[in-house]
Each structure stands twice: as C-alpha cells, then as structure tokens.
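So the chains spell out like this:
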Amino acid sequence: MIMDELWKDKIFWTQEKCREKEVEPEKSDSDFGQTINIKEIRVPDSQTTGLEDEEADKLSEGKPEEVDAFKSIENKVIGLYFAADWCIPCQEFTFLLKQTYEELKERISPFEIVFVSFDKKIDDMKTFFSEKHGDWLSVPYKDPLVDVLKSKYEIKAIPKLIIIRDNGTIITEKGRKDIQDKGIICFRGWLQKANLSATKPSEKTLDSEKQDETKLVENSIEKEKTVSFKENVSSITIE
C-alpha cells in the first residue's frame, strides 16, 4: 500500500481532543456570590449541533482538536510511537521521548511524533496521551489505521519507535535505542537519511548542534539517570 494514499482523508488527534474542558457555571442566587469550577466532559461530535461545536472551538484556546494527517507530517521526519499506559517501560520511555521532542522543537527541527495506542480502553488512551506525552499527534483510538500500522511495521513488543519518511519508508526501526544512546544528536542521522525536499534547517542551527554535541550527550546521560532509565530496559511482548 502506498503510504500517501494511506494518510489520505485521515485525521490525527491533538492532545486538545483528549482533554476535559474547564468551565464556570453561571451564578445563581444560591451561589451567594461564589463560583465553583466544575469539569465538563466533551460530548462526541455526533451528539452536538453545529452551533455547539463552534462554541466548543472558542473554548479550546485556538488549538485544533484534529488535524489533517498528511499535511501535519508532510516533508518531516516522523516517529511512529507504539505504546500503552499499562506498559511500565512505555511510561518511562515516554518521559525521555518527551524531553527529546521538546528540545528538537525548540530548534525548529522538521520532526513530528504520531502516537499509535495499544491501550485497551479509550479513557486510558486519552489520559495517557493528554497527561504524559509531548505535544505531538495521535492516530484516533480504534481507527483502522492503527491496525494497518501495527501490521505494516510488524510490531511485536512495546514501546517501539519507528522513524519513517512521510511516504512510509523506514529510516530506522531503532528510534528508541537511538534516543537512549545519543539524545537529540540522533536526529542528524535521521534527517540525512530522510533527504527532505523542502527547506532544511539553517546552517546556524546545524553548527549550533555540532558545537553542543558533547554537552548534549552528557545531558542525555544525566536525564537517563534522573529517570533511572537504562538502554536495556525491557520491552513488553504483545503477541
């Protein structure tokens, strides 16, 4: 299957899709001048009217809850992240992956992560994604694309980070190990193999990365110590 066709007409969730909305109820005489914050769980789109959707969008701080799949990853290095909340190694690696992702985004690197959930319940997936992941994207829960990606990349154990081009071609199946060993430095190798056609990072950015390479490696090691994370942390077999 051609991956360009696979992404066609698909959407990815953002973390905003999985967060509860904070609202303030209107005051009544019984409130005695006090306002109490309550949680409001977003009603599925199929149960709302167009007007209600518009009001919900105004409360979402300008962030879309869904984005076009291909446009969001086009001409970028993509990390397909297969994981689940019930998997302890996944929770530990997610922390390290989030730090790496945030550092790369600060450098305006053409990189995006797409979470592919192995969670057994949608509530578990939403909590895991919205509270513990970086500000990246997710394949919608139980979307047929989930099974297609699991099958195409032969995922037998999690956590698993597959680095690909936007056409689905694999750059490396060892994204997790690369990050554990090298931190953000591994992105240089991924970017070279990706051979992106659009604007590449500026020479200043690349020079800065080169100058900071020793420091970054040291920081990566310290981060692994902070989270008690070793490169040989076991994966969980899902067969």
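The structure we're discussing is the one just above.
So, a few notes on the structure that sits alongside this text. Everything quoted here is computed from the prediction, not taken from an experiment.

### Some thoughts on the overall build of the protein
Secondary structure assignment for the protein yields ten helices and eleven strands. Taking all 239 residues of the protein together, the buried fraction comes to 43%. Across the protein, the fraction of contacts at a sequence separation of at least 24, relative to all contacts at a separation of at least 6, is 73%. In the form shown here, the protein has an accessible surface area of approximately 14000 Å², with 48% of it arising from carbon and sulfur atoms.

### A short note on the environment of Leu-161
Within the secondary structure layout, Leu-161 lies in strand β9 (residues 160–164). Residue classification places Leu-161 among the buried positions, given a relative accessible area of 0%. Between the C-alpha atoms of Leu-161 and Ile-113, which are 48 residues apart in sequence, the distance is 9.2 Å. Among all residues touching Leu-161, those that are not within four sequence positions of it are Gly-79, Leu-80, Tyr-81, Phe-93, Leu-97, Thr-172, Glu-173, Lys-174, Gly-175, Arg-176 and Ile-179.

### Comments concerning the packing of aromatic side chains
The final tally for this structure, using the stated rule, is eleven aromatic pairs. Taking the centre distance of 5.9 Å and the plane angle of 70 degrees together, the rings of Trp-7 and Phe-12 count as edge-to-face. Relative to Trp-190, the ring of Phe-187 has its centre 6.4 Å away and its plane inclined at 75 degrees; by these criteria the two rings are edge-to-face. With Phe-187 and Trp-190 both in helix α8 (residues 186–194), this residue pair falls three residues apart, about one helical turn. Taking relative accessible area as the criterion, Trp-190 reaches 3% and is therefore assigned buried. These aromatic residues form a ring-pair network of at least three members: Tyr-81, Phe-93, Phe-115, Phe-128 and Phe-129. The ring of Tyr-153 has Lys-152 lying over it, and the distance from NZ or CZ to the ring centre is 5.6 Å. It is Arg-176 that lies over the ring of Phe-93; its NZ or CZ is 5.9 Å from the centre.

### Side note on the pairing of strand β5 (residues 77–83)
In terms of residue burial, β5 counts as a mostly covered element, since seven of its seven residues are buried. Taking every second residue as pointing to the same face, both faces of β5 are buried, with Val-77, Gly-79, Tyr-81 and Ala-83 on one and Ile-78, Leu-80 and Phe-82 on the other. Bridging between β5 and strand β6 (residues 111–117) involves seven bridges; their strand directions are parallel. Looking at the pairing, Val-77 lines up with Phe-111 of β6. Relative to β9, β5 runs antiparallel, the two sharing five bridges. Residue pairing for β9: Ile-78 is matched across the bridge by Ile-164.

### A look at the pattern of salt bridges
Overall, the coordinates contain six salt bridges when judged by the stated rule. Residues Lys-10 and Asp-143 are paired through a salt bridge, measuring 2.9 Å at the closest nitrogen-oxygen approach. In this pair, Lys-10 is assigned in the loop between α1 (3–7) and β1 (11–13) and Asp-143 in the loop between β7 (137–138) and α6 (144–152), connecting sequence segments 133 residues apart. When its relative accessible area of 21% is taken as the criterion, Lys-10 is described as partly exposed.

### A word on the side chain of Ser-72
Looking at where Ser-72 falls in the secondary structure, it is placed in helix α3 (residues 69–73). Apart from residues lying up to four places away in sequence, Ser-72 is in contact with Phe-12, Val-67, Glu-112 and Leu-137.

### Some remarks on the packing of helix α4 (residues 88–106) against helix α7 (residues 175–182)
For the pair α4 and α7, the least separation of the axes is 11 Å and the interaxial angle reads 65 degrees. Considering how the two elements wind past one another, α4 and α7 form a crossing that is left-handed. Only Arg-176, Ile-179 and Gln-180 of α7 make contact with α4, whose side of the interface consists of Pro-89, Phe-93, Leu-96, Leu-97 and Thr-100.

Thresholds, definitions, all that
- Residues numbered from 1 in each chain as written.
- Predicted model: local features only at pLDDT ≥ 70, side-chain atom pairs only at ≥ 80, totals over all residues.
- Heavy atoms only, no water.
- Helix = DSSP H or I, 4+ residues; strand = E, 2+ residues; numbered from the N terminus.
- Buried < 20%, exposed > 50% of the residue type's maximum accessible area, 1.4 Å probe, protein only.
- Contact = heavy atoms within 4.5 Å.
- Areas by Shrake-Rupley, 256 points an atom, 1.4 Å probe, with all protein chains shown as cover.
- Phe/Tyr/Trp six-rings, centres within 6.5 Å; stacked < 30°, edge-to-face > 60°.
- Lys NZ or Arg CZ within 6 Å of the ring centre and 35° of its normal.
- Pairing = 2+ DSSP bridges.
- Salt bridge = Lys/Arg side-chain N within 4 Å of Asp/Glu carboxyl O.
- Axes fitted to C-alpha atoms, helices over the stretch in contact; angles between N-to-C directions.
- Left-handed = near helix turned anticlockwise from the far one by under 90°.

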